[in-house]
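Coordinate analysis (summary)
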Amino acid sequence: MYKVTLIPGDGIGPEVAAAMVKVVESTGVDIEWEKVDAGAGVIDEYGTPLPEHVIDAIKRNKIAIKGPVTTPVGKGFKSVNVTLRQTLDLYVNLRPVKSFKGIKSRYEDIDLVIVRENTEGLYSGIEHKIGDYGAETIKIITKPACERICEFAFNYAKDNNRKKVTGVHKANIMKLSDGLFLNTFRDIASKYPDIKSDDLIVDAACMNLVINPEKYDVMVMPNLYGDIVSDLCSGLVGGLGMIPGANIGKDYAIFEAVHGSAPDIAGKNIANPTAIIQSSVMMLRYLGEQEAAAKIENALVKVFEKGENLTGDLGGNATTDEFTNEILKYI
């Protein structure tokens, strides 16, 4: 039996998390869920959107899955996601981006992976004001962080039969910080002669992804670029509601829906749980439960191809429950 920390989140989080639990349990994998709450909804009780007992539960179980969590904007609270990544040293943000037949999207046959450095860069959280004149954010890039994220990308490519890794940077302008990332990427690439490698300036990468996304396989990049590029790529295949995510470190892993909490539709039973269900597929693979992961993924493929009982954002008019039950038919 596995024990997994479940963070439903807020907004539509509890609804999509409940759908995911039903789908995972239908595979027969024995999981005990330890439910803990985080987000804007717990601030009045705990004075923070991320109570310490949530972090303790993740440390205890080593693995967690979470729905969307709201961090209040402009109110002094650090992002829940950023705090979890830095506190637990979850240095990899992994987002597979794949198109499905039956889902209307800009492109077909997309299958690429974004590997994002998750702990430093412009998300280091080091900021200060310069009087009333301005503000300054410090971007930190370190060689050890560059080495381990690039190593992860090439090892992921090797383990998953991927053919190419592309490093994304802005070293033409930020010659020291992004230059360090680029030089480290090239050094690591030389250790993997069987995997093709190239590099792209981030703005050119965004343009090329819109023009010819099929040219890319695994892409690795610093923190901010990974945030932007992964959202851009989600738009190629139907939006964030389709995209799973994982935050992985040496000791812990958190799998998550990367979309927002959508409070405007919370409680209406119309949310699309695909992202967190796909994240559970990543979680099961991480646990070594390959057969269960394949069951869920194959069920999603059949539901999308059939095109019945899809939620509104997927072109149908089904409720969250109806969509979930349609998936369960094929597991």
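All values derive from a computational prediction rather than experimental measurement. (Residues numbered from 1 in each chain as written. Predicted model: local features only at pLDDT ≥ 70, side-chain atom pairs only at ≥ 80, totals over all residues. Heavy atoms only, no water.)

Moving on, we come to the overall build of the protein chain. Along its length, the protein chain carries 11 helices and 12 strands. Taken over the C-alpha trace, the protein chain has a radius of gyration of 20 Å; the compact-globule value for 331 residues is 20 Å, and the two agree within 12%. Looking at the protein chain as a whole, 53% of its 331 residues are labelled buried. Surface exposure of the protein chain reaches about 14900 Å², of which carbon and sulfur atoms provide 50%. Averaging the coordinates of the 37 positive side-chain charges in the protein chain and doing the same for the 45 negative ones gives two points 3 Å apart. (Helix = DSSP H or I, 4+ residues; strand = E, 2+ residues; numbered from the N terminus. Rg over C-alpha atoms; globule rule 2.2 N^0.38 Å. Buried < 20%, exposed > 50% of the residue type's maximum accessible area, 1.4 Å probe, protein only. Areas by Shrake-Rupley, 256 points an atom, 1.4 Å probe, with all protein chains shown as cover. Lys, Arg positive; Asp, Glu negative; His and termini not counted. Charge placed at Lys NZ, Arg CZ, Asp CG, Glu CD.)

At a closest axis distance of 10 Å, the pairing of helix α1 (residues 13-26) and helix α11 (residues 320-329) adopts a crossing angle of 15°. Overall, the two elements α1 and α11 adopt an arrangement that is roughly parallel. You can see that α1 and α11 cross each other, and the crossing is right-handed. Residues E15, A19, K22, V23 and S26 of α1 touch α11, and the partners they reach there are T320, D321, T324, I327 and L328. For the contact of α1 with α11, a count of residues per class yields 4 nonpolar, 3 polar and 3 charged. (Axes fitted to C-alpha atoms, helices over the stretch in contact; angles between N-to-C directions. Parallel < 35°, antiparallel > 145°, perpendicular 65-115°, else oblique. Left-handed = near helix turned anticlockwise from the far one by under 90°. Contact = heavy atoms within 4.5 Å. Nonpolar A, V, L, I, M, F, W, Y, C, P; charged D, E, K, R; others polar.)

Turning our eyes to something else, we now look at the sheet that holds strand β3 (residues 63-66). Within the open sheet, the 10 strands sit side by side as β2-β1-β3-β12-β11-β4-β5-β10-β8-β9. Their pairing is mixed. Of all the strands in the sheet, the pair left with one neighbour each is β2 (31-35) and β9 (196-201). Pairs of neighbouring strands in the sheet enclose a mean axial angle of 25°, with direction left out of account. (Pairing = 2+ DSSP bridges.)

Any functional reading would require information that these geometric values do not contain.
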